[in-house]
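Descriptive structure summary
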Amino acid sequence: MGFTISKTDSKSVRRRFLLLLIALLACAPAPNAGASQLIDRNAQGVRLAVNTHGQALLTYTANGRFHRLVAWGAINARYPNSSIPQIQFRKDYSGRSWSSAGSQCRRYDGPKLAWFVTGCSAPDGSYWAVQAWRRTLPNFDGPSTSRLGSRELHLSHWTGQTAVLEAWTDWVYGGRYHHLFGRLTYAGQPVYGFSATRVGSPLDDYGRNIYVDTFDSRYGKGWRRENAFLAHRPTGIFCYGFYPFTKRGPGNGVKYRLNVVGPGVTPDVSIVVAGLHDYDRNNAADVAYERQQNALLESILGVDKKCGVH
């Protein structure tokens, strides 16, 4: 779930708070329709093997059972195209299609990945990796359930660069609220989808939510889930204000961790950016920084009008 709020007058802001809160109470975070890498949840004892036939074998235990999964037939990602489905693995959960002939999992020497569990450098020069993280935590540090808060197991297969997630901070509404904005790209092109629910859950395999965790906020010490929001079509840009959506908020913190499922079958990406102190209009450094960030936001917006500027 996610929302983007343009900078309008204070009455409009209050009205939007009420509408957004109603939507939040009515809906729980939905699984990412484009998470083609999702293998299972709460897996333990994960092991990965690959062979010269382009297959990967994952063995693990989940829900008290031992599993053997074979995945093949996908690498990297397509650029957004409404006429062609995004790349996805073919999967055999019986494990019978695995060919041990040519099995060769070299030591992983690819890029450093967040949530890394295990990986292989394949004989053809490509990389396979397994990551595990809690993607569908309840927004605004809400109570977890057996489904919301499970640790998802994701598999990726790629060559070259992974997706790039960038983010910056400033203030909005004359400094009243903290603000986060950025963009998601892959191979220099925006990452975005073509359809989503009214609360921002992707309905196709191209759309991506950015999941934001906040550190040492009003919710408490450590990392807590703040919200998730959709990368905009067709720019891959996003913007988010830390408004008082609930009585416990706003959830702005000392720093923020942004996480996203990689496009296609590329790895998931995570970055951490520093938070800000509260704005002081009498502080020349704050005023100068805000002007600088406004200029940056304007420079990356392009044709994207979903993020307003101060």
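Reading the values: the criteria
Residues numbered from 1 in each chain as written. Predicted model: local features only at pLDDT ≥ 70, side-chain atom pairs only at ≥ 80, totals over all residues. Heavy atoms only, no water. Phe/Tyr/Trp six-rings, centres within 6.5 Å; stacked < 30°, edge-to-face > 60°. Helix = DSSP H or I, 4+ residues; strand = E, 2+ residues; numbered from the N terminus. Buried < 20%, exposed > 50% of the residue type's maximum accessible area, 1.4 Å probe, protein only. Disulfide = S-S within 2.5 Å. Contact = heavy atoms within 4.5 Å. Pairing = 2+ DSSP bridges. Axes fitted to C-alpha atoms, helices over the stretch in contact; angles between N-to-C directions.

Inspection of the entire model under this criterion finds 24 aromatic pairs. A ring pair is formed by Y108 and Y127, whose centres lie 5.6 Å apart and whose planes are at 65 degrees; its orientation type is edge-to-face. Here the residue Y108 occupies a position in the loop between β5 (90–92) and β6 (116–121), and Y127 occupies one in strand β7 (residues 127–133), the gap between them amounting to 19 residues. The exposure class of Y108 is buried, given its relative accessible area of 15%. Geometrically, the ring pair formed by F194 and Y206 is edge-to-face, given 5.8 Å between the ring centres and 90 degrees between the ring planes. Taken together, the residues F194 in the loop between β11 (189–190) and β12 (209–217) and Y206 in the loop between β11 and β12 connect sequence positions 12 residues apart.

Another point: the state of the cysteines. Note: disulfide means a covalent bond formed between the sulfur atoms of two cysteine side chains. If you walk through the whole model with that rule in mind, you get 2 disulfides. A disulfide bridge connects C105 with C120, and the sulfur atoms are separated by 1.7 Å. Note on the C105 and C120 pair: the S-S dihedral is about -90 degrees, so by sign convention the disulfide is left-handed. Of this pair, C105 sits in the loop between β5 and β6 while C120 is found in strand β6, placing the two residues 15 residues apart along the sequence. Exposure remark for C105: the relative accessible area of 37% places this residue in the partly exposed category. Across a sulfur-sulfur distance of 1.9 Å, C239 and C307 are joined as a disulfide pair. Between C239 and C307, the disulfide has an S-S torsion of -100 degrees and is therefore left-handed. Of this pair, C239 sits in strand β14 (residues 237–242) while C307 sits in the segment after α2 (284–301); the two residues are 68 residues apart in sequence, bridging distant segments of the chain.

What follows deals with the environment of N42. Within the secondary structure, N42 is located in the loop between β1 (38–41) and β2 (44–50). We classify N42 as partly exposed; its relative accessible area is 41%. As a C-alpha pair, N42 and A62 span 20 residues in sequence and 6.1 Å in three-dimensional space. Filtering out sequence-adjacent residues up to four positions away, N42 remains in contact with T61, A62, S150 and R151.

On to unusual backbone geometry, then. Of the consecutive residues R233 and P234, the connecting peptide bond is found in the cis state with omega at 0 degrees. In this fold, P234 is placed in the loop between β13 (220–230) and β14. A cis geometry characterises the amide bond from G249 onward to P250, with omega recorded as 0 degrees. In this structure, P250 sits in the loop between β14 and β15 (255–260). Of note in the backbone geometry, N76 takes a positive phi value of approximately 60 degrees without being a glycine. Considering the arrangement of structural elements, one finds N76 in the loop between β4 (65–72) and β5. Not every positive phi belongs to a glycine, and W115 is a case in point at roughly 60 degrees. Tracing the backbone through its elements, the reader meets W115 in the loop between β5 and β6.

All right, on to the sheet that holds β1 then. Ordered in space as β1-β8-β7-β6, the 4 strands form an open sheet in which the pairing is antiparallel. At either end of the open sheet lies a strand with only one pairing partner, and these are β1 and β6. Recorded for the sheet is a direction-independent mean angle of 15 degrees between the axes of neighbouring strands. As paired elements, β7 and strand β8 (residues 152–158) share 7 bridges and run antiparallel to each other. Looking across to β8, one finds that W128 is bridged to H157.

Geometric descriptors of this kind do not, in isolation, establish any biological role.
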